[in-house]
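Architecture and fold: a report
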Amino acid sequence: MSALSRRATPIVTRVAAGALALALAACQTQSPQPDLQMPVETGSETASRSDAVRLLRSAETLPSPMRDEQRLQAAAILYELGDNATAREAAIQVEPEHLDDVQYARYAQVYGNLLAAEDEFFRALDLATAPRLDATWPRLPADTALPLRDLRADLWGLLGDLDSAIAERRQIADMAESEEDIAANNDDFWQLLTQLPSSELHLRADESVDTRMRGWYQLALLGRDTQTDISSQLTALSRWRQQWPHHSAASHPPQALRLLEQLAAQRPDRIALLLPLSGPLGSAGRAIRDGFMAAYYTALDAGAPAPAVQVYDTGTDQPFEEVYQSAVDTGAQAIVGPLDKRKVANLLATEKLPVPTLALNYAPDSGDDSARLTDDLVQFGLAIEDEARQVARHAYRQGHRQAMVLATDAGWGQRGAKAFREEWERQGGSVSIIRTFYDNSNFSKMVSDALLIEDSKSREAALRRKLAAPLEFTPRRRGDVDMIVTLAQPDQARQINPMLTFFYAGDLPIYATSQVFEGDINRTRDRDMNGIHFTALPWLFEKDNHTKKNIEQQASPAPAFARLYALGADAFRLYPRLPMLRQFPQQQVHGLTGALSLDAGGRIVREQIWARIDEGSPVPVTTAEPRSPEESGELELTGNRETL
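Read on for a plain summary of the structure. (Residues numbered from 1 in each chain as written. Predicted model: local features only at pLDDT ≥ 70, side-chain atom pairs only at ≥ 80, totals over all residues. Heavy atoms only, no water.)

1. Here we look at the environment of H546
Turning to its location among the elements, H546 is positioned in helix 25 (residues 546–555). Each C-alpha atom of the pair H546 and A299 lies 9.7 Å from the other, and the pair is 247 residues apart in sequence. (Helix = DSSP H or I, 4+ residues; strand = E, 2+ residues; numbered from the N terminus.)

Rendered as structure tokens:
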């Protein structure tokens, strides 16, 4: 997090405030006048930049608390106008201990949003959850309490503390009265709850003593259901409404559920599945086919209408273009496949595809965005790049800024390391060191060298020679790293993790991608990976999913192939929902491979759930990890100081 401004002397503060007001006046432009949650002094419901200038100027002539109240009003106006930098300058000058409880809550909301906009998420959360607020909620007007609670819920959700975010959304549900506020909170509630694995939702639905939350958990299960098609979901939604007629989500359903009827009317009746069933990619193609058909038969077993599916082998010598055209000529209204990257690239270069196509891989990045066909072609696969970018975003939100990357020399590891570094640096982090390892690497030496342990020992030896006296000495690791990313297979991670502890890096959080876990639970074998956080396929925790059960009973897939079966099952669930993702990019389809969304380039982006190895077994992470005193950085709000 960036260094914070220190409190200036009163004279300097007055000069800075006057300069801020003059600067605002000098660069005034006509701006739209949005609704403000805090009225300006004139009593108007709207305000402009000139109002902020006037408030800052007149504040210089006023004693506290009026001076601080006007600066806060100016900061709120500037924030609403989108001038975050100047709004923050104004907010820094506010001395919050002079504000009454209502004004303090408004200060926490405005300044907290400004901090969050600068990626200072923990500081924003510390402010929005300050102890002073605990006893003030009953006295706060709704137009003050609701935005502040909304900020708290967003921050907790962003930082991975789903339980706290859910509890806050529950509080907002009790307070929201307008149609707009209720609908917005229900959408956010839905997004939070559907991040939980189905097994967790089942548990909470069974055990919750809160009737309203029990309804929410059951509804979220409907959205997380990766084993049914749209018709089955509509039937389940109808039953849910009959059971919960007075529930908030019955009168104000989440946007994703409102779209189901529209999607049901648009479903294709004939599907072609184009996969390599022979040749070098045959085993992967057959696994994806079996996963797709397992989802298909699960839908049939549930009594849902299902399309006719024709499977074509693209692993033969027949040109792919002929196979594709044959599927179209036979009447396919949608095509799922191909798997081969080169064949996907050929489709990407085609000016116009005759039917909507869901490719099951990503074409090599050509750097030519003009060739992308977002209306006709969607690319969906198990790209390591998605997971690496998710790690970068998550670690940055957790407050880390200096990374050490340990990556396998395998192609996926190198691509993941590249994607992590690009996203990490885009976020504002820095990479202190990247090390590549091999199957036969000396992991002890690799970790020791990466942490500069030998350099520490060399300094100790030089000091001994200089002093010629006994010394008590403990080697020290490098100090320019506050987190570690490892792109490793399980057997590699089992060697790396203990070495990091041995070489004095046990206090550093370790993040990994889903490849780090074997796929089957073996507590004895995996204890050496305790503490590692990794992006996990929801497949791992979907124990009651009928499609997964069918796959495991019929195929007993090896862990390495399980993700391919999951990809096939998700393809069946995904293709009819593509119109929804195109129309509402913020929506997600929750599948066995992750929460799936569609980006502007026609690529499906996967967001996996977070898990941690605990006593040799993976567990989903739904609460915030405890922070050390150094990480938490108590935010002192006395006077106009900002100190860590």
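2. Description of the pairing of strand 1 (residues 270–275)
The side chains of a regular strand alternate, first on one face of the sheet and then on the other. The element strand 1 is largely enclosed, with a buried count of five among its six residues. Looking at chain direction, strand 1 and strand 2 (residues 308–313) are connected through six bridges and run parallel. Across the sheet, L274 pairs through a bridge with Y312, a residue of strand 2. Running through helix 16 (residues 282–301), the crossover from strand 1 to the neighbouring parallel element strand 2 is right-handed. Looking at chain direction, strand 1 and strand 3 (residues 334–336) are connected through three bridges and run parallel. (Buried < 20%, exposed > 50% of the residue type's maximum accessible area, 1.4 Å probe, protein only. Pairing = 2+ DSSP bridges. Right-handed = clockwise from strand over helix to strand, strands pointing away.)

3. A closer look at the pattern of salt bridges
Inspection of every chain in the model, using the stated rule, returns 36 salt bridges. For R49, the salt bridge identified is with D83, shortest N-O distance 3.0 Å. With R49 in helix 2 (residues 49–59) and D83 in the loop between helix 3 (66–80) and helix 4 (84–92), the pair connects residues that are 34 residues apart, well separated along the chain. Here the two residues R49 and D83 agree in accessibility, since each one is buried. The salt bridge partner of R170 is D210, with a shortest N-O separation of 2.9 Å. Here R170 is found in helix 8 (residues 162–175), whereas its partner D210 is found in the loop between helix 10 (198–207) and helix 11 (211–224), with 40 residues between them in sequence. Judged by relative accessible area, D210 falls into the partly exposed class, the value being 24%. Each of R494, E518, D520, R525 and D526 takes part in a single network of salt bridges with overlapping partners. (Salt bridge = Lys/Arg side-chain N within 4 Å of Asp/Glu carboxyl O.)

4. Re the sheet that holds strand 9 (residues 510–512)
Strand pairs in the sheet, formed through backbone hydrogen bonds, run parallel or antiparallel to each other. Strand order in the open sheet made by the seven strands is 7-6-8-9-10-14-15, with mixed pairing throughout. Single-partner strands in this sheet number two, and they are strand 7 (430–437) and strand 15 (617–620). Each adjacent strand pair in this sheet contributes to an overall mean axis angle of 25 degrees, direction not counted. Across four bridges, the pairing between strand 14 (residues 609–614) and strand 15 is antiparallel. Considered in strand 15, the bridge of I613 is made with P618. Packing against the sheet, helix 20 (residues 411–427) makes contact with strand 6 (402–408), strand 7 and strand 8 (483–487), and its axis sits at approximately 165 degrees to strand 6. Against the sheet, helix 21 (residues 443–450) engages strand 6 and strand 7, with an angle of about 160 degrees to strand 7. (Axes fitted to C-alpha atoms, helices over the stretch in contact; angles between N-to-C directions. Contact = heavy atoms within 4.5 Å.)

5. Remarks on the packing of aromatic side chains
Enumeration over the complete set of coordinates arrives at 14 aromatic pairs. Aromatic side chains Y296 and F572 sit 6.1 Å apart centroid to centroid with 90 degrees between the ring planes, which places their arrangement in the edge-to-face category. Linking Y296 in helix 16 with F572 in helix 26 (residues 559–574), this pair joins segments that are 276 residues apart in sequence. Look at Y296 and you get buried, because its relative accessible area is 12%. On the numbers, 6.1 Å between centres and 75 degrees between planes, the contact of F572 with Y575 is edge-to-face. Every member of this aromatic cluster is reached through a ring pair, and the members are F292, Y296, Y297, F572 and Y575. The cationic tip of R149 hangs over the ring face of W137; the distance from NZ or CZ to the ring centre is 3.9 Å. (Phe/Tyr/Trp six-rings, centres within 6.5 Å; stacked < 30°, edge-to-face > 60°. Lys NZ or Arg CZ within 6 Å of the ring centre and 35° of its normal.)

6. Focus: the pairing of strand 8
Of all the five residues making up strand 8, five are buried; the element is thus mostly covered by neighbouring parts of the structure. Going residue by residue along strand 8, you find M483, V485 and L487 tucked away on one face and I484 and T486 tucked away on the opposite face as well. Pairing analysis gives five bridges linking strand 6 to strand 8, with the strands arranged parallel. Along strand 8, the bridge assignment pairs A403 with M483. Pairing of strand 8 with strand 9 involves three bridges; the strand directions are parallel. Opposite T486, over in strand 9, you have A512 as the bridge partner. The handedness of the strand 8 to strand 9 crossover, carried by helix 23 (residues 490–502), is right-handed.

7. Comments concerning the nonpolar core
One finds L193, L219, F292, L358, F380, L574 and I604 to be the most contacted residues of the largest nonpolar core, which totals 113 residues. Discounting chain neighbours no more than four positions away, the residues touching L193 are I166, L201, M213, W216, Y217 and A220. (Core = buried A, V, L, I, M, F, W, Y, C linked by side-chain atoms within 4.5 Å.)

8. Regarding the side chain of N185
Looking at the secondary structure, you find N185 in helix 9 (residues 179–193). For N185, the residues in contact, after removing those within four places along its chain, are R169, I172 and A173.

These results come straight from atomic positions and should not be treated as a statement about function.
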